[in-house]
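Each chain, letter by letter, is given below.
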Amino acid sequence: MDAVPPLYEPVQPHWFYCRRTDTKDSWLPFSMEDSQKLEEAYLSSKICLEVVVATEGERYDVKLKERRRYAVYWEQAPSEVRRCTWFYKGDKDTRYLPYPEDFSDSLEEAYMIAVTLDEWKRKLEFPTGETVILHNPKLIMHYQPITLQEEWMSSPSEQTRPRTVKRGIENISVEIPDGEPESVDHLVFMVHGIGPACDLRFRSIIQCVNDFRSASLSLLNTHFKKAQDEKRIGRVEFLPVNWHSALHGDATGVDEDIQRITLPSISRLRHFTNDTLLDLFFYNSPTYCQTIVDTVASEVNQLYRLFRQRHPQFTGGVSVAGHSLGSLILFDLLTNQRTSLVEKDAIRVSISLKIRCTSGDMVTLEYKTMKEVLQRMGLEEHIDVFKKEQLDLESLALCSENDLKELGIPLGPRKKILSFMRRRTMLQVGKNGQGTDGNYAFLRSVSTTGAVDYEYFDVGIGQVSINYPQLDFEPQTFFAFGSPIGMFLTVRGLKRIDPSYSFPTCKSFYNIYHPFDPVAYRIEPMIVSDVDIEPMLIPHHKGRKRMHLELKESLTRMSADLKNNVLGSLRTAWQSFSRLPIAALPPVAEGEADAAALSPQQVEETASEEQKEQQNIKIGMLNGGRRIDYVLQEKPIESFNEYLFAIQSHLCYWESEDTALLLLKEIYEKLGVVLEQPQQ
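What counts, and where the lines are drawn
- Residues numbered from 1 in each chain as written.
- Predicted model: local features only at pLDDT ≥ 70, side-chain atom pairs only at ≥ 80, totals over all residues.
- Heavy atoms only, no water.
- UniProt positions renumbered as here; feature names shortened; annotations may be inferred.
- Helix = DSSP H or I, 4+ residues; strand = E, 2+ residues; numbered from the N terminus.
- Buried < 20%, exposed > 50% of the residue type's maximum accessible area, 1.4 Å probe, protein only.
- Axes fitted to C-alpha atoms, helices over the stretch in contact; angles between N-to-C directions.
- Parallel < 35°, antiparallel > 145°, perpendicular 65-115°, else oblique.
- Contact = heavy atoms within 4.5 Å.
- Nonpolar A, V, L, I, M, F, W, Y, C, P; charged D, E, K, R; others polar.
- Phe/Tyr/Trp six-rings, centres within 6.5 Å; stacked < 30°, edge-to-face > 60°.
- Lys NZ or Arg CZ within 6 Å of the ring centre and 35° of its normal.
- Core = buried A, V, L, I, M, F, W, Y, C linked by side-chain atoms within 4.5 Å.
- Salt bridge = Lys/Arg side-chain N within 4 Å of Asp/Glu carboxyl O.
- Patch = residues over 30% accessible without salt bridge, like charges linked within 9 Å, V, L, I, M, F, W, Y side chains within 5 Å.
- Areas by Shrake-Rupley, 256 points an atom, 1.4 Å probe, with all protein chains shown as cover.
- Pairing = 2+ DSSP bridges.
- pLDDT = per-residue confidence, 0-100.
- Left-handed = near helix turned anticlockwise from the far one by under 90°.
- Polar contact = N/O pair within 3.5 Å; in protein donor to acceptor, adjacent residues only side chain to side chain.

As recorded by an unreviewed UniProt entry, the chain carries the name DDHD domain containing 2 and is attributed to Scleropages formosus. Heading Sequence similarities (unreviewed entry) of the UniProt record for the chain holds this comment: "Belongs to the PA-PLA1 family."

### Quick look at the overall build of the chain
When its secondary structure is counted, the chain shows 23 helices and 23 strands. In the chain, which comprises 680 residues, the share counted as buried stands at 45%.

### Details of the packing of helix α7 (residues 254–261) against helix α8 (residues 267–283)
At a minimum axis separation of 12 Å, α7 and α8 run at an interaxial angle of 105°. As the angle between them shows, α7 and α8 are arranged roughly perpendicular. Judged by residue contacts, Val254, Ile258 and Gln259 of α7 engage Asn274, Leu278 and Phe282 from α8. Across the contact of α7 with α8, the residue classes break down as four nonpolar, two polar and no charged.

### Here we look at the side chain of Thr659
Tracing the chain through its elements places Thr659 in helix α23 (residues 657–669). What Thr659 contacts, discounting residues up to four positions off in sequence, is Phe212, Phe481, Ile512, Leu632 and Tyr653.

### Section: the environment of Phe516
Considering the arrangement of structural elements, one finds Phe516 in the loop between β21 (509–513) and α18 (524–527). Considered as a pair, Phe516 and Ala646 are 130 residues apart in the sequence and their alpha carbons are 5.5 Å apart.

### A few points about the packing of aromatic side chains
Per the counting criterion, the structure on display carries 26 aromatic pairs. Here Phe479 and Tyr510 contribute two aromatic rings whose centre-to-centre distance is 5.7 Å and whose plane-to-plane angle is 20°, an arrangement assigned as stacked. Note that Phe479 is positioned in strand β20 (residues 478–481) and Tyr510 in strand β21, a separation of 31 residues in sequence. There is no split in this pair, since Phe479 and Tyr510 are both buried. Among the aromatic residues, ring-to-ring pairing joins Phe212, Phe238, Phe481, Tyr653 and Trp654 into one connected group. The cationic tip of Arg69 hangs over the ring face of Tyr60; the distance from NZ or CZ to the ring centre is 3.6 Å.

### Considering the nonpolar core
Counting residues in hydrophobic clusters, the biggest one holds 100 residues, and the most contacted among them are Phe189 and Phe478. Residue contributions to this core peak at 10 residues, all from helix α9 (residues 286–310). If sequence neighbours within four positions are ignored, Phe478 has contacts with Val320, Gly322, Ser327, Leu330, Phe331, Leu334, Ile485, Phe503, Cys506, Ser508, Phe509 and Tyr510.

### A short note on the pattern of salt bridges
Evaluation of the coordinates by the stated rule reveals 30 salt bridges. For Arg20, the salt bridge goes to Asp25, with nearest N and O atoms at 3.1 Å. The class of Asp25 is partly exposed, set by a relative accessible area of 33%. Put simply, Arg235 and Glu237 hold a salt bridge, and the shortest N to O gap is 3.0 Å. What makes Arg235 buried here is its relative accessible area of 1%. Overlapping salt bridges bring together Arg59, Glu180, Arg213, Arg235 and Glu237 as one network.

### As for a nonpolar patch on the surface
On the surface, Ile266, Leu269, Phe272 and Leu277 cluster together into a nonpolar patch covering about 380 Å² of accessible area. Among the structural elements, Ile266 can be located in the loop between α7 and α8.

### What to know about the sheet that holds strand β14 (residues 235–241)
The strand order across the open sheet built from seven strands is β14-β13-β15-β20-β21-β23-β22, with neighbouring strands paired in parallel fashion. Both edges of this open sheet fall to β14 and β22 (536–537), since each of them pairs with a single strand only. Examined bridge by bridge, strand β13 (residues 184–191) and strand β15 (residues 317–323) share six bridges and lie parallel to one another. In the strand pairing of β15, Phe189 is matched with Val320. Across the sheet, α23 is in contact with β13, β14, β20, β21 and β23 (629–631); its angle to β14 comes to roughly 120°.

### Considerations on the confidence of the model for the chain
Averaged over the chain, the pLDDT score is 79; the fraction of residues at 70 or greater is 74%. Ignoring residues within four places in sequence, the model shows residues 344–365, a span with pLDDT below 50, making 52 contacts including any to other chains.

### Examining the packing of helix α4 (residues 205–223) against α23
Running from N to C, α4 and α23 cross one another at 65°; their axes reach a closest spacing of 9 Å. Crossing geometry of α4 relative to α23 is assigned as right-handed. The residues of α23 that touch α4, namely those facing Phe212, Ala215, Ser216, Leu219, Leu220 and His223, are Glu657, Thr659, Ala660, Leu661, Leu663, Leu664 and Tyr668. Tallied by class, residues from the contact of α4 with α23 come to nine nonpolar, three polar and one charged.

### Side note on the side chain of His650
Inspection of the secondary structure assignment puts His650 in helix α22 (residues 646–650). Take His650: its relative accessible area is 11%, and that puts it in the buried class. There is a polar contact of 3.2 Å between the side chain of His650 and the side chain of Ser324. Here Asp517 takes part through its side chain, which lies 2.9 Å from a polar atom of the side chain of His650. With residues near it in sequence (within four places) discarded, His650 still touches His323, Ser324, Gly482, Asp517, Pro518 and Val519.

### What about the pairing of strand β1 (residues 14–20)?
On a regular strand, one side chain projects to one face of the sheet and the next to the other, so that they alternate. Taking burial as the measure, the seven residues of β1 include five buried ones, the bulk of the element. Where β1 lies against strand β6 (residues 79–84), four bridges are found, and the strand directions are antiparallel. Bridging from a neighbouring strand, His14 pairs with Cys84 of β6. Relative to strand β2 (residues 25–29), β1 runs antiparallel, the two sharing five bridges. Within β2, the position partnered with Tyr17 by the bridge is Leu28.

### Re the sheet that holds strand β4 (residues 60–63)
Reading across the sheet, the six strands line up as β2-β1-β6-β5-β4-β3 and stay open at both edges, with antiparallel pairing between neighbours. Whereas interior strands pair on both sides, the edge strands pair on one side only; in this sheet they are β2 and β3 (52–55). The sheet shows a mean angle of 30° between the axes of neighbouring strands, taken without regard to direction. On the sheet, helix α1 (residues 32–44) packs against β1, β3, β4 and β6 and is oriented at approximately 175° with respect to β3.

The structure is reproduced here in structure tokens:
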């Protein structure tokens, strides 16, 4: 019987997008789920109509007619999108690259004819001078056109090195990313620190947050697998918040002003300083601090509204995370949030001022008129001035120091009035239930050190006086990475945080740092100053301590065991020699003897119990009574020289799986989902 010619089967397309860098373009595949969505939309859409397909967790929109991919939540140049079926690899290429769609269509048509007629060694020539030869289904070569410089070459094999051609994504080596769960359980906004770059590779906050998100998705697959399989959880969305570009943009003109006074020498170092380190000084300037805080709050609120618009079914919580200076910005924002609309309206109804008496008792005084306020401050002689200008308490809140100066108010009274109005604006009051007198109870306690009032930051303790905007939501948790919050609070004059203090709208706070991070400072010693408490050690994401730390502890235990055994042998020998009924050598401490007798499993259980005991120590209310300071485990290579890895340690959090797992554990514990230990 004659052989039956092979049947032609159409190629299965896969969608790719182009990532453009300074050196070259890279083509990356969409996930299977996204590629399938794009293909279905492509097959069902009409040519004249534009179709928009949301991809990559709805963070990017693809316009099929334009063949462009657009970022949703941040500014990014659109990237090209292709429906890919044929691929090539040149002599210098490290991976297969997709052909343009029209070129691929020509190759597919030629391939179909060759398969149907079973006629190979077909030569396909293109108007550009390129030639593709289909030797057989497994061997297809692409020859580039001959350049003028190569005309002296005689044969095609000598003229160029041909490209290897492959049909279909299944015939090339490419890593297709896993798709993301559609449902979002929690949303986290991540605020960067100083400068435009967030790591040693000079990547932007967008790229670093992408890495952090990828790490969290991978950890969900390993540490929450059962919950995923049971469809009890979806994923956590992380969105970047960029404030650096607004500060250094054309709107402020600060870069031009700084450049005019910058010396011409060591230009690269000075440019780095102007673009990064000066952000610390900008944050301590009233003008630019207001710009930074407004930008962060505005960006967060805008992203939150956009996210809710694109995820109308979202009912999860929202948290915030800040790195370095970004954590301080969030700390100041959260300190100055108001707890409810009732609380904000209460400020308009009456002014409640808390003052601390010499005995330490709290007294609440209420002022309803301008006259009462001025009398309390001893400034009743200026009442006529305010009456003449028809100023009440609301309009007084809008007055600047220059306005008061133009009214003829002297410097001393001006300072008193401005200080009072700052306290009034920042005062946090809420309706915790009305008492018999109808007054609103306060939701927060005041933390003080001497004359410094922690609740009301003032220029007198280093914090600039600005108006703090309000967030559109109440954050569930605040995560600080490599944070200088403790240092800034100390410099501002705050030596101790009252244990009863908590953020008005956020009830959980984690201070996460690397042990070699030169910018990070602890928080817990400012709350519990009379007890030396070690920070909580963040577990390795694979479920145990790093090997070099375990080895270090094992050597310490072995040294103690050896000491105990030697002492025990000497004691036995001495007792045998002297035949005395009492010990001549000091007895081994009970704890040491017990430790020497413990097996490795018992030692590990003891360490676990000590860790649990440390975790149960009550540390104020900033984190609801739980521990606040959490320290990462250094890598083995980092332990050789902590100075060498200091800068890297400050930038390690974006790629830290241990950090990402701690966030996921905290988020899902509140949802009743317990972390699973992966199989080793």
